[in-house]
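Below, each chain spelled out in residue letters.
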Amino acid sequence: MVNVASEPDAARGTAEADLTYPSSDWAGFFKNHFGPSMLWALIGIGGSHIVIAPSMGGTFGLVAIWMFALIYVAKYGAWELGVRYNYGMGANPIEGYRDLPGPKNWALWVTIAVFTVMYTFITASVGMSSAAFVAALTPGWFTAQWAYVVFVGGAGALVLVSRYSLLEKILIGFTIAVGALILLGALVGPPSPDRIVETAFAVPDLTGPAFVALFAAAAGFAPTGFSTSILIGSWSMAKGEGAGELRRKGLDPADPAYHDYIRAWIRTGRRDFNVGYAFSFVLIVAMVVLATNVLYPNPPEDANLAFAIGSILSDSFGPWSYYAMLIGAFAALYSTVITLLDGAARATGDVLPMALEDDSIDSERVRQLVIVGVVGVSSTTVLALGNVPVTLLLYVAAVLAVTEIFFYPANWYIVEKHLPEPFRPSRTWHAYYVVSLAFVLLFGAMGAALRLGLIG
């Protein structure tokens, strides 16, 4: 259980006077507190935005916007609980998982399995899509499979020695640029009125394999998997705000004297996350709009993924945008690969000593072994499967809809168990969590039914 030590009253009073309250205005917020949510959002501008959103728009048209809206509304709670825990407890949610009911440290082992096994296949799926864009940009140089080995292997080498900060900044720059182009493209080249009328409210066959396959994939990948609540927790904790500041100064977050302070930081943390969440949703809507205009009713397939995505801005900006989109899509996917490799390895290195209750374990060594393992196994998988970027990503995303459900109730449990009573969710939030978790379970059931062959 996460405990907070307390200091004598005199020292507490001195420390309280030095506490940093968050800026309440938007200007101060963006200057001083904004950040973790944008890093989180940039993780999501990968498989979900570059592959799944065009597939949804190209298959169903604008009605896909309502599908994504349902997914975003339903999944929001898992991250909201994580943010509430970050700022209200001054700890990463993973620290609280040791107190989940059941066998000792079982939740930590589940988390390790997700960050090793599942992230290996997520890396393979996102990396294979990025390799498809490499092959399109360098015709005759690489097959998509060998582009994967070269570029994902290179990403692993960079992450292994932690010398990728400049490259990561460049990739993020390209990702933001292509995001701006996508938003502008949706405004400049919207679908025709006839297509809007035809597709905006055209409910598909909800039991058909096409809908279940795409919707389950979207539910798994969009905006990201729930395990990223651990990653955003790390980024939030690194800023040292909220109850984290209290813990560093030996103060007790349960002390009513600090409740207004903690409440203000929870609001700020939630505001930061809301901005990133809204940005992610607006961008995915823009991709659906563009796909409806350019691709519908012919969604991208394995053989033409790069060409289809590259052409998505052509109606808005002309032929030059084809290469701009290829470069931007590659940057978005490749930066996701780097983040996946780094995040999974660091998380495993941090969690394994807790799971084994052995502080002597070399976390850096664990991190390095995970990177080598993920690169090696994922490369072998890609070489064995061949060039199937869309198929693999949809498959892995549907499995993700099942395997990552765990993090939602886990975050809810530790918030109720560890946070002081004033910071626990209200009845209104409880009602929302129940309904949204029911939808998340339905999404998982769809993914499971598809993968077990019960549909399709």
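Residues numbered from 1 in each chain as written. Predicted model: local features only at pLDDT ≥ 70, side-chain atom pairs only at ≥ 80, totals over all residues. Heavy atoms only, no water.

Novice: Explain unusual backbone geometry to me, please; I cannot follow it from the model alone.
Specialist: Outside of glycine, negative phi angles account for most residues, and trans bonds account for most peptide bonds. The linkage connecting Ala222 with the following residue, Pro223, adopts the cis geometry, with an omega of -15°. Examined against the element boundaries, Pro223 turns out to sit in the loop between helix H11 (209-221) and helix H12 (228-238). Of the consecutive residues Tyr296 and Pro297, the connecting peptide bond is found in the cis state with omega at 5°. Its location among the elements puts Pro297 in the loop between helix H14 (259-294) and helix H15 (305-310). Positive phi, close to 60°, is recorded for Asn105, a residue that is not glycine. We classify Asn105 as buried; its relative accessible area is 7%. (Helix = DSSP H or I, 4+ residues; strand = E, 2+ residues; numbered from the N terminus. Buried < 20%, exposed > 50% of the residue type's maximum accessible area, 1.4 Å probe, protein only.)

Novice: Can you walk me through empty space enclosed by the protein in this structure?
Specialist: Remark: the empty space left among the atoms is shown by a probe the size of a water molecule rolled over them. For the structure shown, the criterion picks out two cavities of 30 Å³ or more. Estimated volume of the largest cavity: approximately 180 Å³. Around the largest cavity, the lining comprises 18 residues; the ones closest to its centre are Ile43, Ile122, Thr224, Gly225 and Leu340. Going through the elements one at a time, helix H3 (36-44), helix H4 (47-60), helix H7 (106-137) and helix H17 (320-356) are the ones with two or more residues in the lining of the largest cavity. (1 Å grid on protein atoms, 1.4 Å probe; cavity = no way out; pocket = protein on both sides within 12 Å on 5 of 7 lines; lining within 4 Å. Points joined across faces, edges and corners; volume = space filled by probe spheres on them.)

Novice: I tried to follow the environment of Ala219 on my own but got confused; where do I start?
Specialist: Within the fold, Ala219 resides in helix H11. Residue Ala219 is classed as buried on the basis of its relative accessible area, which comes to 5%. C-alpha separation for the pair Ala219 and Pro420, spaced 201 residues apart in sequence, amounts to 32 Å. Ignoring anything within four residues of it in the chain, the contact list for Ala219 reads Ile71, Lys75, Ala401 and Phe443. (Contact = heavy atoms within 4.5 Å.)

Novice: When you look at the layout of surface pockets in this model, what are you seeing that I'm missing?
Specialist: Approximately 500 Å³ is the volume found for the largest pocket. Lining the largest pocket are 26 residues, with Leu231, Trp235, Thr339, Asp342 and Gly343 positioned closest to its centre. Of all the secondary-structure elements, those providing two or more residues to the lining of the largest pocket are H3, helix H6 (93-96), helix H9 (165-188), H12 and H17. Per element, the largest residue contribution to the lining of the largest pocket is 11 residues, and it comes from H17. A per-class count over the lining of the largest pocket returns 13 nonpolar, seven polar and six charged. Taken as a whole, the second largest pocket holds about 210 Å³ of empty space. (Nonpolar A, V, L, I, M, F, W, Y, C, P; charged D, E, K, R; others polar.)

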